[in-house]
Amino acid sequence: MKLAQLSNLPTNKILLFSFNIIFLLVSCALIGLGSWLVDIIDEKPNIPAIKEKYTVVGGLMLAAGIAGFFTASFGFALTFCRNKYSIFIYFVLVFMLLLLGIAVGIVGLVFADRSELKISQFLTKDLLLSNSQLADQIQREFKCCGLNGPNDWENIPSSCCADNNNADCQNDSNFQKGCISAVSESISLDLAISGGISLAVGLILLLGVILASHSFLEIHEKNKNNAYERNF
């Protein structure tokens, strides 16, 4: 069977339609994850290193999800109306989203790897001593105490208490983990998961690139054969 004849098989349309269903669901998931990362910024302590990373990664995932949603919708239309130029546009869009997914994944993983350094540069003993409200917020949110542990405090604050009903934290009832490691681990986990999901989406989009390029070559070959038959 010639390559040109393959383009008339319903299997190719089914594959493209099935891929766009997956593509649409993945795009919705990216929109949800990106929105979540952006929304939880207000719930995090006022640490620039945290807000910057969540804003960048969340914003990129949200943009990729929205672009993917419209590209998938365009892909559904190609199932019923296929021509060389529309397939080429679809190929370019999916390829650009593939690159964006890889970029977001790399950014997320790099940010996750560097989070401890950024947090340690921001969180200093002077900062915690001068801003007790921020110190309390961080210690309660991340269940930590001091920069590297309770020994950083001369008088351990109540926000270090693991037991909220215990007013005396001068014992083993306080959080033992330091806030630098607790905060960086929390951020690293969120960003690493987001980066991993973005790279996984990139692998899915690679299938779309292959399908689109294959469809383009099929239609191009079919048009060339039709032109040849008309001339002879």
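The structure we're discussing is the one just above.
Before going into details, it helps to say that this report is about the structure given with it. It should be emphasised that the depicted structure is a prediction, and the values quoted were computed from it without experimental measurement.

Rules behind the numbers
Residues numbered from 1 in each chain as written. Predicted model: local features only at pLDDT ≥ 70, side-chain atom pairs only at ≥ 80, totals over all residues. Heavy atoms only, no water. 1 Å grid on protein atoms, 1.4 Å probe; cavity = no way out; pocket = protein on both sides within 12 Å on 5 of 7 lines; lining within 4 Å. Points joined across faces, edges and corners; volume = space filled by probe spheres on them. Helix = DSSP H or I, 4+ residues; strand = E, 2+ residues; numbered from the N terminus. Nonpolar A, V, L, I, M, F, W, Y, C, P; charged D, E, K, R; others polar. Core = buried A, V, L, I, M, F, W, Y, C linked by side-chain atoms within 4.5 Å. Buried < 20%, exposed > 50% of the residue type's maximum accessible area, 1.4 Å probe, protein only. Contact = heavy atoms within 4.5 Å. Polar contact = N/O pair within 3.5 Å; in protein donor to acceptor, adjacent residues only side chain to side chain. Axes fitted to C-alpha atoms, helices over the stretch in contact; angles between N-to-C directions. Parallel < 35°, antiparallel > 145°, perpendicular 65-115°, else oblique. Left-handed = near helix turned anticlockwise from the far one by under 90°.

Within this structure, the stated rule accounts for two cavities of 30 Å³ or more. If you add up the space inside the largest cavity, you get close to 90 Å³. Residue lining of the largest cavity: Phe23, Ser27, Leu30, Met61, Ala64, Gly68, Leu97, Gly101, Val104, Ser198, Val201 and Leu205, and that is the complete set. Sorting the residues of the lining of the largest cavity by element identifies α2 (10-39), α3 (48-80), α4 (84-122) and α7 (179-231) as the ones contributing at least two each. Each residue belonging to the lining of the largest cavity can be placed in one class, and the counts come to eight nonpolar, four polar and no charged. The computed volume of the second largest cavity comes to approximately 40 Å³. As for the second largest cavity, its lining consists of Lys125, Leu128, Leu129, Leu147, Asp152 and Trp153. When grouped by side-chain class, the residues that make up the lining of the second largest cavity number four nonpolar, no polar and two charged.

We now examine the nonpolar core. Counting 53 residues, the largest nonpolar core has Leu123 and Ile138 as the members making the most contacts within it. Where this core is concerned, the elements lending two or more residues are α2, α3, α4, α5 (125-130), α6 (132-142) and α7. Examining the composition of this core, we find that 12 residues originate from one element, α7, more than from any other. Non-local contacts of Ile138, meaning those with residues more than four positions away in its chain, are made with Pro45, Ile47, Leu123, Lys143, Cys144, Cys179 and Val183.

Attention now goes to the side chain of Ser188. In this structure, Ser188 sits in helix α7. Judged by its relative accessible area of 19%, Ser188 is buried. At 2.7 Å, the side chain of Ser188 forms a polar contact with the backbone oxygen of Ser184. Sequence-distant contacts of Ser188, that is, excluding residues within four places in its chain, are made with Ala112 and Ser115.

With respect to the helices and strands, Asp190 occurs in helix α7. Apart from the residues lying within four places of it in its own chain, the contact partners of Asp190 are Trp36, Lys44 and Tyr54.

To continue, consider unusual backbone geometry. Within the chain, Lys143 stands out as a residue other than glycine whose phi angle is a positive 55°. Summarising the element assignment, Lys143 is placed in the loop between α6 and α7. What makes Lys143 exposed here is its relative accessible area of 53%.

Packing of α3 against α4 brings their axes to within 9 Å, and their N-to-C directions diverge by 165°. Taken together, the axes of α3 and α4 lie roughly antiparallel to each other. As for the relative orientation of α3 and α4, their crossing is left-handed in sense. Looking at the contact of α3 with α4 residue by residue, the classes come out as 23 nonpolar, six polar and two charged.

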